[in-house]
Amino acid sequence: MTPLVDAHAHFSSVEALNADEVVTLLCATDPAEAPRILSFASDHVIPCCALHPWKVDNYSVDQMLPFMGNCGIVGEIGLDNVWTDSDMTKQIKALWAQLEYAQNHNKPVVLHTKGKEREIAAMLRPYSMPKLVHWYSCDTPPVDYIEQDCYFTVGPDHAINPAVSQVIRMVPLDRLLTETDGLEAVEWALDRKIRPEEIPSILRSELRSIAAIKGITEETARAAVYENLMRFLRR
C-alpha cells in the first residue's frame, strides 16, 4: 500500500517513528537538537535542518550550517510575529541567509509563515527551489504562494479551521501534502491528548478531507500526496 506522509514533524513525534507505513519529514530547529534528529535518518524518516525563527535570539545560521549540509532539506525557515517575540531583524536576516543557502545547494525548503505571509511570499519570488508552506492557516487566500507553485501541508485542524480547508480547496491536488507538526501541535489543535500510535489515523483524517473537498477517493488522495512528496524531494 502507498505510504502515508507526515511532511512536517518535530522531536515530539520521535516515539511515533516506528510506524513504517508513514514517511516522515523530521525537522531540527536548532543546533542543539539537530544531531539527534539526523540520527533517526532511515528509509521512512527524512531529516530536515534549519534555524527556526523562534530560535534566532539564541543561535545563528552559521551554527546550523554543518547540520544543514548533512540533510537534503532546509527547514523549517520563515518569519513569525504571532507565536514569538524573537527579534524580527534577526528573523529576516536568518531567512535570507537560509534561502540563499538552499538555492545555492539546490535544496528544497520548508516554510513557517505566521503573521508575515505577504512578506515571505515576496521574499521567495527570486528563488526556484521547491518550496513547501507548512500548515498555512491565514485567512488571506494563499494566492501569492500558489502562483509560485508552492507545496502546502494540510494541518491537523483541517476539520475546524476554515483557513486550512480553504487551502485544500484552492491548492491544486498535485501540490497538497499531509502533516502533524509533531504530537504537541496535534494536541494543541485538537485539544486532547494524542498517543504516538494515533499518528497514522490523524494523517488519514487529513486525506479524507482532501478526498471530500476534491471529489476523489481517499486512496487516490493518498497516492497523490505520496507522489507529491517524492516530487518535492526530487526523487
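You'll find the structure just up there.
Residues numbered from 1 in each chain as written. Predicted model: local features only at pLDDT ≥ 70, side-chain atom pairs only at ≥ 80, totals over all residues. Heavy atoms only, no water.

S.K.: Describe in detail the pattern of salt bridges, supporting the description with residues and values.
M.R.: Scanning the entire structure with this criterion turns up 13 salt bridges. As a salt-bridge pair, Glu-119 and Lys-116 come within 3.5 Å of each other at their nearest N and O atoms. Judged by its relative accessible area of 36%, Glu-119 is partly exposed. Residue Lys-116 is classed as buried on the basis of its relative accessible area of 16%. Each of Arg-192, Arg-195, Glu-197 and Glu-198 takes part in one network of salt bridges that share partners. (Salt bridge = Lys/Arg side-chain N within 4 Å of Asp/Glu carboxyl O. Buried < 20%, exposed > 50% of the residue type's maximum accessible area, 1.4 Å probe, protein only.)

S.K.: Account for the side chain of Arg-175, with residues named and values stated.
M.R.: Assignment of secondary structure puts Arg-175 in the loop between helix 6 (162-170) and strand 8 (176-178). Separated by 3.1 Å, the side chain of Arg-175 and the backbone oxygen of Asp-149 make a polar contact. What Arg-175 contacts, discounting residues up to four positions off in sequence, is Asp-149, Cys-150, Tyr-151, Phe-152, Asn-228 and Arg-231. (Helix = DSSP H or I, 4+ residues; strand = E, 2+ residues; numbered from the N terminus. Polar contact = N/O pair within 3.5 Å; in protein donor to acceptor, adjacent residues only side chain to side chain. Contact = heavy atoms within 4.5 Å.)

S.K.: Can you tell me about helix 9 (residues 218-232), naming the residues and giving the values?
M.R.: For helix 9, with 15 residues, the first-to-last C-alpha span of 21 Å sits near the 21 Å given by 1.5 Å per residue. Those residues of helix 9 that fall on the buried side of the exposure criterion are Ala-221, Arg-222, Ala-224, Val-225, Asn-228, Leu-229, Met-230 and Phe-232. Within two residues after helix 9, Arg-234 carries a phi angle of roughly 60°, on the positive side. (Expected span 1.5 Å × (residues − 1).)

S.K.: Go over the layout of surface pockets, please, and point to the residues and values.
M.R.: Here the largest pocket is characterised by a volume of approximately 680 Å³. Lining the largest pocket are 22 residues, with Trp-54, His-112, Trp-135, Asp-181 and Ala-185 sitting closest to its centre. Across the lining of the largest pocket, the residue classes break down as 6 nonpolar, 9 polar and 7 charged. Considering only enclosed or pocket space, the second largest pocket measures out at about 190 Å³ in volume. As for the second largest pocket, its lining consists of Leu-51, Val-56, Tyr-59, Ser-60, Val-61, Asp-62, Leu-65, Lys-90, Lys-93, Ala-94, Ala-97 and Tyr-101. Contributing elements (two or more residues each) for the lining of the second largest pocket: helix 2 (61-68) and helix 3 (88-104). The element best represented in the lining of the second largest pocket is helix 3, accounting for 5 residues. Split by residue class, the lining of the second largest pocket holds 8 nonpolar, 1 polar and 3 charged. (1 Å grid on protein atoms, 1.4 Å probe; cavity = no way out; pocket = protein on both sides within 12 Å on 5 of 7 lines; lining within 4 Å. Points joined across faces, edges and corners; volume = space filled by probe spheres on them. Nonpolar A, V, L, I, M, F, W, Y, C, P; charged D, E, K, R; others polar.)

S.K.: A description of a nonpolar patch on the surface should follow, citing residues and the corresponding values.
M.R.: A surface patch of nonpolar side chains, amounting to about 490 Å² of accessible area, comprises Trp-54, Val-82, Trp-83 and Trp-188. In this structure, Val-82 sits in the loop between strand 4 (74-80) and helix 3. (Patch = residues over 30% accessible without salt bridge, like charges linked within 9 Å, V, L, I, M, F, W, Y side chains within 5 Å. Areas by Shrake-Rupley, 256 points an atom, 1.4 Å probe, with all protein chains shown as cover.)

S.K.: Residues and numbers for the pairing of strand 2 (residues 22-28), please.
M.R.: Side-chain positions along a regular strand alternate between the two faces of the sheet. Counting buried positions along strand 2 gives 7 out of 7 residues, so the element sits mostly inside the fold. One ladder, built from 4 bridges, connects strand 1 (residues 4-9) with strand 2; its direction is parallel. Within strand 2, the residue paired with Asp-6 across the bridge is Thr-24. As paired elements, strand 2 and strand 3 (residues 45-49) share 5 bridges and run parallel to each other. The residue bridging Leu-26 from the neighbouring strand is Pro-47, located in strand 3. (Pairing = 2+ DSSP bridges.)

Coordinates in, geometry out; function isn't part of it.
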